[in-house]
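Each chain, written out:
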Amino acid sequence: MTNITEQKKYSHLGFGLGLRKEHYQDVLDSQPAVDWFEVLTENYLIDGGKPLYFLNRIAERYPVVMHGVSMNIGNTEPLNKDYLNRLKKLKNSINAHWLSDHLCWTGTNGTNAHDLLPMPYTQESIDHVVQRIEQVQDFLGCRMLIENVSSYISYIQSEMTEWEFLNEIAQRSDCLLLLDINNIYVSAINHEYDPLDYLQAINPQRVQQFHLAGHSDYGDYIIDTHDEPVCKAVWELYAQAVARFGETTFMIERDANIPPLTELLDELSFARSIAGVVQQQGYHKDTIQAMLDTIPVQKVIHAEQEQMAL
Amino acid sequence: MTQENQSLKDLQQQMLAWLQVYDTAIKSSVTGTEKVPADIRLDIYANAYRYRLIEALEETFPAVNTLLGDEGFFELGLRYVDAHPSQHFSIRYFGQHLSHFLASDEHYLEQPVLSEMAHFEWLLREAFDAAGKQRLTLEALQHIAAENWPVMQFSFHPSVYRIDLRFNVPQLWQAIELQQEPIDIVAQEYPQGWFIWRRELKTYYRSMDVDEAWAMDAMLKGENFGFICSGICEWVDEQNAAMRVAGFIQNWLNEGVLSSIKAESGKNSLIT
């Protein structure tokens, strides 16, 4: 299929946050000014109890979308039907606006490595992933979003760039993209390319959602840890993304060192400010730089041996 | 899988073998840079594989972690990751074999309390996100005609789990959970019956006398009131048996662990 129109995308949801258990009660009590929440799918593929209790109540008050880590779309074994059944049931029960997962593989031989392992960027991978996304979309009866992952290795088998790989899969499978700005930055540093080359190459007609997150800097490479505030370089890239892709559903992910909700709301306000300025005035580096100078973010470089200590 | 994606399959097999057993075959497919060589890049994945899974164990088994200490728990995690690779789409289930592993791995045979603690913590986790279900009320029980009491069968809330513990595991767990002064590990002469359940969003546990534990086990298997009254005579006089079992049921109703009741006698039946 070609030439997807804006009408084929889902309605934009605005500025959201990842829902984390640390904030369940706070969200219900304070009903913060968050446009929507993204929920981690696997945390709710359970039978009952506290997580589902809070999810159901929050989904009554806010739009929600589902974000998964275990579809294993790049694996060469058959898709897990039990997983897909549960996914569909949860999506219907909370009326999720859409669901997303990662363009990667997470395990094989029946083993789940619980990591987002990169694909080789080959025609063989494209053919394989396209038919699997089509299977999932046929089963769910809706378009899914696939997200670019952070990566630390390159395979010699790769025949193209990551962005060419991503574009072709989205186009051929007729799915939408969840563009993770932080992941683009992380991979660009790790593989030593310009993140703007990536951003400028992505087909805007496919982009439904952005992710932003923090990472850990190890000097020669960086790791996508989601445990720190968004850094200035990633905010800068976000501003460029707003300029290129326009109005796009946006959210901030934090998965470790979870701060108070108010701290994430401040980050979300900052994202709104950047988007507002870029959409009104276009992208001007000096203007964005002046805005970035107002955030007191310290760059922390982690010791390499800390990560390597096994 | 088709013949066309054979090389993708091979690559994935090699990468998984690197993660699990440091098989170096994948190195011929990975490129590095001057700044970050391929070996360091592959180490990032191998380390992350273990750290992430051990972190999941830390979250599920905080008391086992405290009993072993951080270093000992990390070693346990490394051994367990190798022995029981995750098979489930959710990392929440990764620790399901830890109790059995602790009971059978040579490094832990002299610390049997660890296996019991892992079993206890796993059941707390199971109760935490078990399915919700209606609670049986006293009114529903009162609708059962007296002549049908012997054939009454009860079903329990899905969050109810029975466990027999030789060590003072729940007391140890509570002291750790509440960050109280450490208490001694005590082995009892006979195992003590306990049960775990969730009411609303809170998880509870309590000990049981031996006859109550037997009665709950029998009811969980579907035995009826009459059978249990007969069986309980091993511990109480026959004339007190029905009263004793009725007392258990009264407590379980108050605790919200019963879900439904079924009483069938000939053609008459009542299911609540």
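These numbers come from a predicted model, not from an experiment.

Thoughts on the interface of chain B and chain A
A common way to express how large an interface is: the accessible area buried when the components associate.
Part 1 of the reasoning: Each side of the interface is counted separately: chain B has 44 residues, and chain A has 43 residues.
Part 2 of the reasoning: Where the side of chain B that touches chain A is concerned, the elements lending two or more residues are α1 (6–21), β1 (30–31) and α2 (38–60) of chain B.
Part 3 of the reasoning: Top element by residues in the side of chain B that touches chain A is α2(B). It accounts for eleven residues.
Part 4 of the reasoning: A breakdown of the residues in the side of chain B that touches chain A according to their chemical character gives 22 nonpolar, 13 polar and nine charged.

Focus: the sheet that holds strand β1 (residues 15–18) of chain A
Hydrogen bonds between backbone groups are what pair the strands of a sheet, and the pairing can be parallel or antiparallel.
All names here are of chain A.
Part 1 of the reasoning: Taken together, the eight strands give a closed barrel; going around it, the order is β1-β2-β3-β4-β7-β9-β10-β13, and neighbouring strands pair in parallel fashion. Pairs of neighbouring strands in the sheet enclose a mean axial angle of 25°, with direction left out of account.
Part 2 of the reasoning: Note: strand β4 (residues 99–102) against strand β7 (residues 145–147), three bridges, orientation parallel. In the sheet register, H102 faces β7, and the bridge partner there is E147.

Some remarks on the sheet that holds strand β5 (residues 202–208) of chain B
Residues and elements named next belong to chain B.
Part 1 of the reasoning: Reading across from one edge, β3-β4-β5 is the order of the three strands in this open sheet, with antiparallel pairing throughout. Here the strands that pair on one side only, and so sit at the sheet edges, are β3 (161–167) and β5. Within this sheet the neighbouring strands show an average axis-to-axis angle of 30°, counted without direction.
Part 2 of the reasoning: Its contacts with the sheet put helix α5 (residues 112–128) on β3, β4 (187–199) and β5, and the angle it makes with β3 is roughly 160°.

Focus: the domain arrangement of chain B
All names here are of chain B.
Part 1 of the reasoning: Per the domain assignment, the segments making up chain B are domain 1 (31–129) and domain 2 (131–272).
Part 2 of the reasoning: Of note, the centres of domain 1 and domain 2, computed from C-alpha atoms alone, are 33 Å apart.
Part 3 of the reasoning: Contacts between the two partners involve 13 residues from domain 1, matched on the other side by 16 residues from domain 2.
Part 4 of the reasoning: Elements with a minimum of two residues in the side of domain 1 that touches domain 2: α3 (62–83) and α5.
Part 5 of the reasoning: With ten residues, the single largest contributor to the side of domain 1 that touches domain 2 is α5.
Part 6 of the reasoning: Class assignment of the residues belonging to the side of domain 1 that touches domain 2 gives a composition of nine nonpolar, two polar and two charged.

Let's talk about unusual backbone geometry
Residues and elements named next belong to chain A.
Part 1 of the reasoning: In this model, D174 sits at a positive phi of 60°, which is unusual for a non-glycine residue.
Part 2 of the reasoning: Here D174 lies in the loop between α5 (162–173) and β9 (176–180).
Part 3 of the reasoning: For D174, a count of 16 C-beta atoms within 10 Å puts it in the partly exposed group.

Let's talk about helix α10 (residues 238–255) of chain B
Helical geometry note: an α-helix holds 3.6 residues per turn, so side chains three or four residues apart project in the same direction.
All names here are of chain B.
Part 1 of the reasoning: Across its 18 residues, α10 extends 26 Å between first and last C-alpha, which sits within 8% of the 26 Å expected from 1.5 Å per residue.
Part 2 of the reasoning: Within the span of α10, buried status applies to V245, I249 and W252. Angular distribution of buried residues about the axis of α10 spans 60°; they occupy a single face of the element. Of the exposed residues in α10, the ones pointing more than 90 degrees away from its buried face are Q239, M243, G247, Q250 and N254.
Part 3 of the reasoning: Directly after α10, the chain includes G256, whose backbone phi takes a positive value near 75°.

So, how was this worked out
- Residues numbered from 1 in each chain as written.
- Chains lettered and ligands numbered in written order.
- Predicted model: local features only at pLDDT ≥ 70, side-chain atom pairs only at ≥ 80, totals over all residues.
- Contact = placed C-beta atoms within 7 Å.
- Helix = DSSP H or I, 4+ residues; strand = E, 2+ residues; numbered from the N terminus.
- Nonpolar A, V, L, I, M, F, W, Y, C, P; charged D, E, K, R; others polar.
- Pairing = 2+ DSSP bridges.
- Axes fitted to C-alpha atoms, helices over the stretch in contact; angles between N-to-C directions.
- Domains from an automatic or database assignment.
- Buried ≥ 20, exposed ≤ 12 C-beta atoms within 10 Å, placed from the backbone.
- Expected span 1.5 Å × (residues − 1).
- Arc of directions from axis to C-beta.

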